[in-house]
Amino acid sequence: MEAALANVESMEMLRDLAKRQSDKAVEDLGHLRRQHRDAEARLVQLEQYRDEYRQKLHDTLSSGVSSSQWRDFEQFLASLDRAIEQQKRQLGEQQTRVDGGMHRWQGEQRKFNAYDMLHSRGLRERTYRQSKDEQRQSDEMAAQLRRRQQDTGHGL
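Visitor: Hey, could you run me through the overall build of the chain in this one?
Guide: Looking only at helices and strands, the chain features two helices and zero strands. Its C-alpha atoms give the chain a radius of gyration of 36 Å, more than 25% over the compact-globule value 15 Å for 156 residues. Overall size of the chain, expressed as C-alpha extent along the three principal axes, is 130 × 20 × 15 Å. Here the chain, with 156 residues, has 19% of them falling under the buried criterion. A fraction of 88% describes how many contacts in the chain between residues 6 or more apart in sequence connect residues 24 or more apart. Counting only carbon and sulfur atoms, one obtains 50% of the accessible surface of the chain, whose full area is about 11,500 Å². Where the 28 positive side-chain charges of the chain centre and where its 27 negative ones centre are 3 Å apart.

Visitor: Please explain the pattern of salt bridges as it appears in this structure.
Guide: Pairing between side chains of opposite charge can happen when the charged atoms of each approach one another. Applying the stated criterion to the full structure yields 12 salt bridges. A salt bridge links Arg15 to Asp16, with the shortest nitrogen-to-oxygen separation between them at 3.2 Å. Exposure remark for Arg15: the relative accessible area of 17% places this residue in the buried category. Accessibility expressed as a relative area gives 30% for Asp16, which makes it partly exposed. We note a salt bridge from Arg50 to Asp81, for which the minimum N-O separation is 3.1 Å. Residue Arg50 is found in helix H1 (residues 2-63), and its partner Asp81 is found in helix H2 (residues 67-155); the two are separated by 31 residues along the sequence. The class for Arg50 is buried, based on a relative accessible area of 17%. Looking at Asp81, the relative accessible area reads 27%, which means it is partly exposed. Overlapping salt bridges bring together Arg15, Asp16 and Asp116 as one network.

What counts as what
- Residues numbered from 1 in each chain as written.
- Predicted model: local features only at pLDDT ≥ 70, side-chain atom pairs only at ≥ 80, totals over all residues.
- Heavy atoms only, no water.
- Helix = DSSP H or I, 4+ residues; strand = E, 2+ residues; numbered from the N terminus.
- Rg over C-alpha atoms; globule rule 2.2 N^0.38 Å.
- Buried < 20%, exposed > 50% of the residue type's maximum accessible area, 1.4 Å probe, protein only.
- Contact = heavy atoms within 4.5 Å.
- Areas by Shrake-Rupley, 256 points an atom, 1.4 Å probe, with all protein chains shown as cover.
- Lys, Arg positive; Asp, Glu negative; His and termini not counted.
- Charge placed at Lys NZ, Arg CZ, Asp CG, Glu CD.
- Salt bridge = Lys/Arg side-chain N within 4 Å of Asp/Glu carboxyl O.

And the structure:
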């Protein structure tokens, strides 16, 4: 009986540890997802800014621009395009981190579920054994009582 109790307590300790690790993985995944959303928002913002700047260039071209203004527009658009490409790379890297965080959480959750199942099984087994022990003790006490009653009945 003591071995079953120790096993249940060990499983409970492992289950609790796995739960904490799973909770931490969920927290980390949430952080990674927020970073991913922020990176997406920055990309959208850069693309909108580029589109607005291109529209400004188009509107300015209709009234005429000098070669130096044209060169400035082109350089600025090229720097925006580089920033957009860099942000796309960062977004891809961030997606990889999110995917890794998701896999980590799934693994931690599987581990928790396994320990939880083993812990529950151990509790059921311990309860079953306790029930059997109680039944055995009850049967022994009833048998002793019957013997005493028979012994007292015969002794008269």
